[in-house]
Amino acid sequence: MASIIGGVATTHVPSIGKAIADKKQNDPYWAPFFRGFDYVHQWLARAKPDVAVVFYNDHGLNFFLDKLPTFAVGAADEYRSEDEGWGIPVSQAARGDAAFSWHLINTLVADDFDITMCQDMLIDHAVTIPMSLMWPGATWPVKIVPVEINTVQHPLPSLGRCLKLGRSIGRAIESYPQDLRVMVVGTGGLSHQLDGTRAGFVNKEFDKLCMDKIVNEPDALTRYSIHELVELSGSQGVEFLNWMAMRGAMTGHVSELHRNYHIPISNTAAATVVYGNKKEAGRKAA
Ligand code: DHB
Ligand code: FE
C-alpha cells in the first residue's frame with residue numbers, strides 16, 4: 001500500500017527563480033532563505049519519496065478569472081510550465097502519475113468533493129519554484145499530482161474545507177494498492193499582500209501562530225473566516241489554504257522536524273517547514 005512519509009511546505013515567490021538562475025543563493029539577502037533548505041535536502045535524501053502531491057494555487061497561467069475552479073486535480077503523465085512574465089527561465093516539466101491521480105480523483109468525488117479533473121494542466125511558479133528548491137540543479141526525481149486550490153478569486157474555500165479536502169486525499173493515498181512513498185507539499189504564504197493600500201503587509205505574530213497550531217491543532221485554525229484570514233495574513237497570505245490542505249493529507253502522528261522563517265523575500269514573509277508523518281499503530285487505512 002502507499003504510505004504518506006511526511007511533507008514540506010514553502011513559500012513560492014517567483015524572484016527565488018531569478019536568484020537561482022543568477023546563482024545568488026549565498027548573497028546576504030538570499031542566504032537566510034536558501035540555508036533553510038539544507039535540512040529539506042537531507043530529509044528528502046533519507047525519505048526517498050516516489051510521488052509528491054502538491055497543493056498550490058495557480059496565478060493565471062492555467063486558470064484565469066473567466067473560469068476558476070475551487071479545487072482542481074491534475075490527471076496527466078506530464079505537466080509543462082510556460083513563461084508567466086516574471087523574467088525567470090521557463091522551468092523543466094514535471095512528470096505525473098495519471099493512474100495515481102485518478103485514484104485520488106475517484107476517492108475525492110466519492111467523498112462529495114466536486115473537483116475539476118485536468119488531463120492537461122500547466123504548472124506555474126507555485127509548483128516549479130518549490131520543486132526547484134527541493135531538488136536544486138537536478139531532474140526532479142519524483143512524479144507529482146498537482147492539486148490546485150483557488151486562493152485568487154473570492155469566494156475562496158474555507159480553512160476547514162481545505163483541511164477536509166486534504167484529509168480525503170490522505171485517505172485516498174493510504175488506500176492505493178501500489179507501494180508508493182508519497183510526500184505532500186503545500187506552497188505559498190506565509191503573510192503577504194502584493195497590492196492595495198496594505199501592499200507589503202506581513203504579520204509575524206499570526207504566521208507564528210499558524211506554524212505552531214498547524215502541527216497538532218489544525219482544527220483550531222478553522223475558526224478564522226476567509227475575511228479574517230485576509231485581514232490577518234494579507235490578501236495573498238490566504239495561500240495558507242494550501243498549507244492546511246497539505247496538513248490534512250497527513251493522517252498519522254505529525255511532528256515538526258524543521259522550521260525556517262525569514263522576512264522578507266520580495267514582499268513575503270518566507271517560511272519553509274518539514275513535517276514527519278508517523279502512521280499510528282493499529283489504525284487501519286480508510
Ligand atoms: C510574490 C509572492 C507570491 O506568492 C507570488 O505568487 C508572487 C509574488 C512576492 O512576494 O513578490
Ligand atoms: Fe503566490
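Residues numbered from 1 in each chain as written. Chains lettered and ligands numbered in written order. Predicted model: local features only at pLDDT ≥ 70, side-chain atom pairs only at ≥ 80, totals over all residues. Heavy atoms only, no water.

What follows covers the overall build of the chain. Helix and strand content of the chain: nine helices and 10 strands. The C-alpha atoms of the chain give 17 Å as radius of gyration, which agrees with the globular expectation for 286 residues (19 Å, within 12%). With the C-alpha coordinates aligned to their principal axes, the bounding extent of the chain is approximately 45 × 40 × 40 Å. Counting across all 286 residues of the chain, residues that qualify as buried make up 56%. Summarising the internal contacts of the chain: among those between residues at least 6 apart in sequence, 81% fall at separations of at least 24. A total of about 12000 Å² of accessible surface is found on the chain, and carbon and sulfur atoms cover 51% of it. (Helix = DSSP H or I, 4+ residues; strand = E, 2+ residues; numbered from the N terminus. Rg over C-alpha atoms; globule rule 2.2 N^0.38 Å. Buried < 20%, exposed > 50% of the residue type's maximum accessible area, 1.4 Å probe, protein only. Contact = heavy atoms within 4.5 Å. Areas by Shrake-Rupley, 256 points an atom, 1.4 Å probe, with all protein chains shown as cover.)

Let us look at the site of ligand 1. Neighbouring ligand 1 are 13 residues, the closest being His59, His125, His192, Ser266 and Thr268. The side chain of Thr268 places a nitrogen or oxygen atom 2.6 Å from an oxygen atom of ligand 1. Burial of ligand 1 by the protein amounts to 95% of the accessible area it has alone, namely 290 Å². Classifying every residue of the shell around ligand 1 gives five nonpolar, seven polar and one charged. (Near = heavy atom within 4 Å. Polar contact = N/O pair within 3.5 Å; in protein donor to acceptor, adjacent residues only side chain to side chain. Nonpolar A, V, L, I, M, F, W, Y, C, P; charged D, E, K, R; others polar.)

For any pair of aromatic rings, the description consists of the separation of the ring centres together with the inter-plane angle of the planes. For the coordinates displayed, the defined rule picks out eight aromatic pairs. Between Phe33 and Phe37, the aromatic rings sit 5.7 Å apart at their centres with planes inclined by 65 degrees, giving edge-to-face as the arrangement. Phe33 gets classed as buried once you look at its relative accessible area, which sits at 1%. Residue Phe37 is classed as buried on the basis of its relative accessible area of 1%. Between Phe71 and Phe113, the ring centres sit 6.2 Å apart and the planes meet at 70 degrees, which makes this aromatic pair edge-to-face. Of this pair, Phe71 sits in strand S3 (residues 71-74) while Phe113 sits in the loop between helix H4 (98-110) and strand S6 (116-118), and the two are 42 residues apart along the sequence. The class of Phe71 is buried, set by a relative accessible area of 6%. An aromatic cluster is present here, built from Tyr29, Trp30, Phe33, Phe34 and Phe37 joined pairwise through their rings. In this structure, Arg198 packs its charged tip against the face of Phe201, placed 4.1 Å from the ring centre. (Phe/Tyr/Trp six-rings, centres within 6.5 Å; stacked < 30°, edge-to-face > 60°. Lys NZ or Arg CZ within 6 Å of the ring centre and 35° of its normal.)

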